[in-house]
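Listed below, chain by chain, are the residues.
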Amino acid sequence: MKLPNGPKSPAFVQMLQWIFQPMPFMAACAERYGDIFTMQLNPPVVFVSNPEALQQILTSDTKEFAAPSDWNKVFEPMLGKNSVITVSGEVHRRQRQLLMPPFHGDRMRTYGQVIHDVTAQVISQWEIDKPFCARSAMQIITMRVIMQAVFGLYEGPRAQELEQVLATMLNENSPLRVVELYFPALRLDFGPRSSWGRFLRRRKRVHQLLNEEIQERRENPDPSRTDILSLLMAARDEAGEAMTDEEIRDELMTLLTAGHETTATALTWALYWIHKLPSVQQKLVQEIDSLGENSDPSSVFKSPYLNAVCCEALRIYPVGMLTFPRVVKTPVSLCGHDLEPGTIVLGSIYLTHQREDLYPQHQQFKPERFLERQFSPYEFLPFGGGARRCIGMAFAQFEMKVILAKILSSWDLALVDQNLEIRPKRRGLVTGPNRSIQLVAKQQHQLPSRALESSSI
Ligand code: HEM
């Protein structure tokens, strides 16, 4: 099968480069081979960063292309076999239909107050001149928010333990863990001190906690509940069958993990840039202050400069480097290359967001670019697109804005080291800052976001 050009080194070497240096490796390939190239990742994979080609793939990923889960097996140890990410075809379509509504429209906006309240609670612990890790703080907030969305009001020892074990499991992102995910033969359980052994034990505990929760709900059904777990338990397929406990558990794992780590990282980047660049901070604080009485979550959501800051944070170092794999179904021509059925294609979100023709001075953080022009969904695609577009896209954007507005209207923060240059690196199957971003509170505002606190949406 003739594939677009790409590096000629042995597949094993390319796989290691991909695992350890994914972004520099992609950038070097784009520099040498352009908008489309093939990496030998056993099997070979075609990377695409041309907006027209991305449009062709993502608007047709149920016709000329498919979006199967066969290549999402790296997610299976974490999410299970029944996750929306690891299922395909009709089952995938139905699960998406079930999961999308709670993360959109009015249902989503009802979480505005929860997001605000959780943020208020976490940031009330900050103390003047006492540094804290931005990522840990953001992770606590986004984890609690998604737990509330999934389970409804969720407190008590089980909730606390779930939060803690999940966070520990996700924070372990050693290169060894990534290698284990990519090479199943290396997943060896040598007891609780070995890397894979630790993972298995933590996952077992998370499963136990989720199963207990599901059992408790089955024993005490409450039709008035509107949380996502209740929705999953009430769902019936065309044959009238309910989801099994295992199916529900895998879907919960998916939402709890995909639904908080990504948003926490995006927020961490946003906080870094806002406090790295005084002009950005000044403009943003001014805009948030100007909302005054109208600083309810829906006004916050519509604030133009805040939106531009969030977009630019998601552009410059996208948390998801790639779309999930799409596979050619019928012979197709992409960027002048004829691709045969079976070819695996990945949209490189990272490379598309680094295109100088779309984003001049692409290495600079410039929110203004999002005020000056509109980008198509194939030029700016931090949440992917098409049949597997992120289910949490609207929710994550809403959440980022409400959290940032609350933080900036309550505290003056600063980077502990203003000269620190942070780069992105792989964090498991997504990306994040290569070192800890430490922030320090300088001053607390007297009347933190009065209106936000008393508002309805
Ligand atoms: C800033 C935060 C987030 C980013 C950058 C992000 C990014 C992405 C990307 C790039 C994809 C792949 C899309 C594709 O292949 O076309 C994806 C899929 C997905 N995301 Fe997100 N995501 C974020 C937040 C969330 C949240 C909050 C949730 C849950 C509520 C979520 C749940 C999912 C799920 C379930 C999928 C798989 C969809 C499918 O296979 O059909 N994500 N996300």
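It should be noted that the structure appears before, not after, this text.
Residues numbered from 1 in each chain as written. Predicted model: local features only at pLDDT ≥ 70, side-chain atom pairs only at ≥ 80, totals over all residues. Heavy atoms only, no water.

Moving on: the overall build of the protein. Across its full length, the protein carries 21 helices and 12 strands. Against the 2.2 N^0.38 benchmark of 23 Å for 457 residues, the protein shows a C-alpha radius of gyration of 22 Å, consistent with a compact globule. Oriented by its inertia axes, the alpha-carbon framework of the protein measures out at about 65 × 55 × 45 Å. Split into buried and exposed, the 457 residues of the protein put 56% on the buried side. For the protein, long-range pairs separated by at least 24 residues make up 73% of all intrachain contacts whose partners lie at least 6 apart in sequence. Put simply, the protein shows about 20,100 Å² of open surface, and 53% of that area lies on carbon and sulfur atoms. When the 50 positive and 50 negative side-chain charges of the protein are each reduced to one mean point, those points stand 4 Å apart. (Helix = DSSP H or I, 4+ residues; strand = E, 2+ residues; numbered from the N terminus. Rg over C-alpha atoms; globule rule 2.2 N^0.38 Å. Buried < 20%, exposed > 50% of the residue type's maximum accessible area, 1.4 Å probe, protein only. Contact = heavy atoms within 4.5 Å. Areas by Shrake-Rupley, 256 points an atom, 1.4 Å probe, with all protein chains shown as cover. Lys, Arg positive; Asp, Glu negative; His and termini not counted. Charge placed at Lys NZ, Arg CZ, Asp CG, Glu CD.)

Our next topic: the nonpolar core. A general trend in soluble globular proteins is that nonpolar side chains are found buried together. Counting residues in hydrophobic clusters, the biggest one holds 105 residues, and the most contacted among them are Trp126, Met138, Phe151, Leu162, Leu252 and Leu256. Leu162 has contacts with Met147, Phe151, Tyr154, Val206, Leu209, Leu210 and Leu256, leaving out every residue within four places of it along the chain. One finds Met15, Met23, Leu41 and Leu351 within the second-largest nonpolar core, a separate group that totals 20 residues. (Core = buried A, V, L, I, M, F, W, Y, C linked by side-chain atoms within 4.5 Å.)

Here 3 strands make up an open sheet; going across it, the order is β4-β12-β9 and the pairing antiparallel. Both outer strands of the open sheet, β4 (132–133) and β9 (411–415), are each paired with one neighbouring strand and no more. Across the face of the sheet, helix α14 (residues 261–276) comes into contact with β9 and β12 (438–444) while running at roughly 85 degrees to β9. (Pairing = 2+ DSSP bridges. Axes fitted to C-alpha atoms, helices over the stretch in contact; angles between N-to-C directions.)

A few words now on the coordination of the iron atom of the ligand. No protein donor other than Cys390 (SG) coordinates the iron atom of the ligand, and that contact is at 2.2 Å. Along the chain, the position of Cys390 falls in the loop between α19 (369–372) and α20 (393–410). (Donors = N, O, S within 2.8 Å, 3.2 Å for Na, K, Ca; no water.)

Once that is clear, we can look at the site of the ligand. Contacts to the ligand come from 27 residues, most closely from His92, Arg96, Phe324, Arg388 and Cys390. Contacts to the ligand include Gly385, whose backbone N or O atom sits 3.0 Å from an oxygen atom. The leading source of residues in the shell around the ligand is α14, at 3 residues. The residue makeup of the shell around the ligand, split by class, is 14 nonpolar, 9 polar and 4 charged. (Near = heavy atom within 4 Å. Polar contact = N/O pair within 3.5 Å; in protein donor to acceptor, adjacent residues only side chain to side chain. Nonpolar A, V, L, I, M, F, W, Y, C, P; charged D, E, K, R; others polar.)

The next point concerns unusual backbone geometry. Here the residue pair Asn42 and Pro43 is connected by a cis peptide bond, since its omega of 10 degrees sits within 30 degrees of zero. Relative to the elements of secondary structure, Pro43 occurs in the loop between β1 (36–40) and β2 (44–48). Not every positive phi belongs to a glycine, and Asn42 is a case in point at roughly 50 degrees. Looking at the element boundaries, Asn42 is found in the loop between β1 and β2. Its identity as a non-glycine residue notwithstanding, Asp129 has a phi of 65 degrees, on the positive side. Topologically, Asp129 is positioned in the loop between α7 (112–123) and β4. Asp129 gets classed as exposed once you look at its relative accessible area, which sits at 52%.

Purely geometric stuff here, so don't read any function into it on its own.
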